[in-house]
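Residue-level listing of the chains:
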Amino acid sequence: MAQLFFKYGAMNSGKSIEILKVAHNYEEQGKSVIILTSGLDTRSGVGTIASRIGLERAAVPVLDETDIFEYVEQTNPDAACVLVDEAQFLKKEHIIQLTKIVDELNIPVMTFGLKNDFRNQLFEGSKYLLIYSDKLEEMKTICWFCKKKATMNLRIHDGKPVYDGEQVMIGGNESYYPVCRRHYFHPLLK
């Protein structure tokens, strides 16, 4: 039976490399997958999933007006799996569409993304994935400053921590560090 999965973790926890690995495993067995990513993520270009270790792949960008259920139903209703990167940026209606893919088309959906933003607030997509997912899995990484598990994302600007501002600011290691709770409040910045 198909299920909706949400695999979440702090920055640098390997979410993008995991989605690329899962796609490869399906395709190596001759099974088709649909790969989607948020249209907001422009780090490697719209519609590209890129890992920090250098692997990348084209994906269908999900924009606010995208009907994911309709897209899957019209392009590949026999897909073995739907994979979604940067799922935190999806809207509530997108998450509902993903549940319909699972429940009506019987296609498993695996989503990958951040749970909380740099202010430790849930993203809209993450909030509804936490509510509607059949299975949740934390992907772990270590704190930028110590050996503890990173559970938060620290935004950095001009070498200083940032705790207020717009929720979405696309960036990588130049803008965000994965951190433990202690170093979120007391980062070891120079």
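For the structure itself, look to the data block above.
Keep in mind the model is a prediction, meaning the values are calculated, not measured. (Residues numbered from 1 in each chain as written. Predicted model: local features only at pLDDT ≥ 70, side-chain atom pairs only at ≥ 80, totals over all residues. Heavy atoms only, no water.)

It is worth spelling out the overall build of the protein chain at this point. Helix and strand counts for the protein chain come out as five helices and 11 strands. A compact globule built from 190 residues would reach a C-alpha radius of gyration of about 16 Å, and the protein chain, at 17 Å, matches this within 12%. Oriented by its inertia axes, the alpha-carbon framework of the protein chain measures out at about 55 × 30 × 30 Å. Looking at the 190 residues of the protein chain, the share that counts as buried comes to 48%. For the protein chain, long-range pairs separated by at least 24 residues make up 76% of all intrachain contacts whose partners lie at least 6 apart in sequence. Looking at the protein chain as shown, the accessible area adds up to about 9800 Å², and 49% of this sits on carbon and sulfur atoms. Both charge centroids of the protein chain, one from 23 positive and one from 25 negative side chains, sit 12 Å from each other. (Helix = DSSP H or I, 4+ residues; strand = E, 2+ residues; numbered from the N terminus. Rg over C-alpha atoms; globule rule 2.2 N^0.38 Å. Buried < 20%, exposed > 50% of the residue type's maximum accessible area, 1.4 Å probe, protein only. Contact = heavy atoms within 4.5 Å. Areas by Shrake-Rupley, 256 points an atom, 1.4 Å probe, with all protein chains shown as cover. Lys, Arg positive; Asp, Glu negative; His and termini not counted. Charge placed at Lys NZ, Arg CZ, Asp CG, Glu CD.)

Turning next to the packing of helix H3 (residues 92–105) against helix H4 (residues 124–132). It is the contact of H3 with H4, at a shortest axis distance of 8 Å, that shows an interaxial angle of 35°. For the element pair H3 and H4, the recorded crossing hand is right-handed. Residue-level contacts link Lys92, Ile95, Ile96 and Thr99 of H3 to Glu124, Gly125, Tyr128, Leu129 and Tyr132 of H4. Among the residues forming the contact of H3 with H4, the class breakdown is five nonpolar, two polar and two charged. (Axes fitted to C-alpha atoms, helices over the stretch in contact; angles between N-to-C directions. Left-handed = near helix turned anticlockwise from the far one by under 90°. Nonpolar A, V, L, I, M, F, W, Y, C, P; charged D, E, K, R; others polar.)

Pairing between side chains becomes possible if they bear opposite charge and their charged atoms approach one another. Counting across every chain of the model gives six salt bridges. Glu137 is paired through a salt bridge with Lys7; the nearest N and O atoms lie 3.5 Å apart. Of this pair, Glu137 sits in strand E8 (residues 135–138) while Lys7 sits in strand E1 (residues 4–8), and the two are 130 residues apart along the sequence. The salt bridge partner of Glu124 is Lys91, with a shortest N-O separation of 3.9 Å. (Salt bridge = Lys/Arg side-chain N within 4 Å of Asp/Glu carboxyl O.)

Burial analysis of E1 places four of its five residues in the buried class, which makes it a mostly covered element. Pairing between E1 and strand E7 (residues 109–113): five bridges, direction parallel. Residue pairing in the sheet places Phe6 in a bridge with Thr111 of E7. Looking at chain direction, E1 and E8 are connected through four bridges and run parallel. (Pairing = 2+ DSSP bridges.)

This part takes up the pairing of strand E11 (residues 176–179). Of the two faces of E11, both are covered, the one formed by Tyr176 and Pro178 as well as the one formed by Tyr177 and Val179. For strand E9 (residues 152–157) and E11, the ladder comprises four bridges, and the chain directions are antiparallel. When the sheet's bridge partners are listed, Leu154 is paired in E11 with Tyr177.

The next thing to look at is the nonpolar core. Most often, soluble globular proteins keep nonpolar side chains buried together rather than apart. Residues Val82, Val84, Leu98, Ile101 and Val109 are the most contacted members of the largest nonpolar core, which totals 23 residues. Element by element, the count of residues in this core is highest for H3, at four residues. If you look at the next biggest cluster of nonpolar residues, it comprises 13 residues, including Ala23, Ile35, Ala59 and Met110. (Core = buried A, V, L, I, M, F, W, Y, C linked by side-chain atoms within 4.5 Å.)

Take it as geometry only, folks, not as evidence of what the structure does.
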